[in-house]
Amino acid sequence: QVQLVESGGGLVQDGGSLRLSCAASGRSFSNYAMGWFRQAPGKEREFVAAINWSGSSTYQADSVKGRFTISRDNAENTVYLQMNSLKPEDTAVYYCAAAPWRYYSDSNVALSNMYHYWGQGTQVTVSS
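Cut-offs used in this document
Residues numbered from 1 in each chain as written. Predicted model: local features only at pLDDT ≥ 70, side-chain atom pairs only at ≥ 80, totals over all residues. Heavy atoms only, no water. Helix = DSSP H or I, 4+ residues; strand = E, 2+ residues; numbered from the N terminus. Buried < 20%, exposed > 50% of the residue type's maximum accessible area, 1.4 Å probe, protein only. Contact = heavy atoms within 4.5 Å. Lys, Arg positive; Asp, Glu negative; His and termini not counted. Charge placed at Lys NZ, Arg CZ, Asp CG, Glu CD. Phe/Tyr/Trp six-rings, centres within 6.5 Å; stacked < 30°, edge-to-face > 60°. Lys NZ or Arg CZ within 6 Å of the ring centre and 35° of its normal. Salt bridge = Lys/Arg side-chain N within 4 Å of Asp/Glu carboxyl O. Core = buried A, V, L, I, M, F, W, Y, C linked by side-chain atoms within 4.5 Å. Pairing = 2+ DSSP bridges. Polar contact = N/O pair within 3.5 Å; in protein donor to acceptor, adjacent residues only side chain to side chain.

Quick word on the overall build of the protein
Step number 1: In terms of helices and strands, the protein carries zero helices and 11 strands.
Step number 2: Reading the protein from its N end, one meets helices and strands in the order β-β-β-β-β-β-β-β-β-β-β.
Step number 3: A total of 128 residues make up the protein; the buried ones form 43% of that total.
Step number 4: Of the contacts formed within the protein by residues at least 6 apart in sequence, a portion of 60% connects residues at least 24 apart.
Step number 5: Charged side chains of the protein number 10 positive and 10 negative; the gap between the two group centres comes to 4 Å.

Here you go:
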């Protein structure tokens, strides 16, 4: 098992930037692919970005491509989401998630059921 704690959310103006962090407990962080999802009020949870265990491959939803960047530091057991050019439609609770290697597939990185461990979420609010 792994425990995940998100941080870095807050209130930002349209066009601003935020950097989210997800700290993982345990000593097996490098065995997990990591993803970010978000959920806005009245909407279903949607995929944002993902990164494989080595950091050599990243994936982004079309809605955030070119604006958001996912990265990881395995030495610090942390995954990051750098969010630039934020828009009001980015307002949501952002969740960090971990996918054990045995369940990982490059073709399934956008599917929530690939991820077995989830953080509590951090609120991101972008004002218009």
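Observations concerning the side chain of Asp90
Step number 1: With respect to the element layout, Asp90 can be found in the loop between β8 (78–83) and β9 (92–100).
Step number 2: Each residue touching Asp90, except ones within four places of it in the same chain, is listed here: Arg38, Arg67, Phe68, Ser85, Val124 and Val126.

Re the packing of aromatic side chains
Step number 1: Taken as a whole, this structure holds six aromatic pairs when the rule is applied.
Step number 2: Pairing Tyr115 with Trp118 gives two aromatic rings, centres 6.2 Å apart and planes at 65°, and the pair type is edge-to-face.
Step number 3: Take Tyr115: its relative accessible area is 4%, and that puts it in the buried class.
Step number 4: Of the aromatic side chains, those joined through ring pairs into one cluster are Phe37, Phe47, Tyr115 and Trp118.
Step number 5: Over the aromatic face of Tyr80 sits the side chain of Arg19, whose NZ or CZ is 3.9 Å from the ring centroid.
Step number 6: Above the ring of Trp118, the side-chain terminus of Arg45 is found at 5.0 Å from the ring centroid.

Overview of the pattern of salt bridges
Step number 1: All told, the structure shown has four salt bridges when counted by the stated rule.
Step number 2: Note that Arg38 is salt-bridged to Asp90, the shortest N-O span being 2.9 Å. Separated by 52 residues along the polypeptide, Arg38 in strand β4 (residues 32–39) and Asp90 in the loop between β8 and β9 bring together distant segments of the chain.
Step number 3: Taking relative accessible area as the criterion, Arg38 reaches 5% and is therefore assigned buried.

Section: the nonpolar core
Step number 1: Of all hydrophobic cores here, the largest spans 39 residues; its most connected members are Met34, Trp36, Val79, Leu81, Met83, Tyr94 and Tyr115.
Step number 2: Of all the secondary-structure elements, those providing two or more residues to this core are β3 (18–24), β4, β5 (46–51), β7 (68–73), β8, β9 and β11 (122–127).
Step number 3: For Tyr115, the residues in contact, after removing those within four places along its chain, are Ala33, Met34, Gly35, Phe37, Phe47, Ala50, Ala97, Ala98, Ala99 and Val109.

Some thoughts on the pairing of β7
Step number 1: Residues Phe68, Ile70 and Arg72 point to one face of β7 and are all buried, whereas Thr69, Ser71 and Asp73, pointing to the other face, are not buried.
Step number 2: Between the antiparallel neighbours β7 and β8 lie four residues, among them Asn77 with a positive phi of about 55°.

Points about the environment of Gly55
Step number 1: With respect to the secondary-structure elements, Gly55 resides in the loop between β5 and β6 (58–60).
Step number 2: Residue Gly55 is classed as partly exposed on the basis of its relative accessible area of 30%.

Digging into the environment of Tyr94
Step number 1: Considering the arrangement of structural elements, one finds Tyr94 in strand β9.
Step number 2: When its relative accessible area of 0% is taken as the criterion, Tyr94 is described as buried.
Step number 3: Along the sequence, Tyr94 and Val124 sit 30 residues apart, while their C-alpha atoms lie 7.0 Å from each other.
Step number 4: In contact with Tyr94, other than residues within four places in its own chain, are Glu6, Leu20, Trp36, Phe37, Arg38, Val48, Phe68, Leu81, Met83, Gly121, Thr122 and Val124.
Step number 5: Within polar-contact distance, the side chain of Tyr94 engages the side chain of Arg38 at 2.9 Å.

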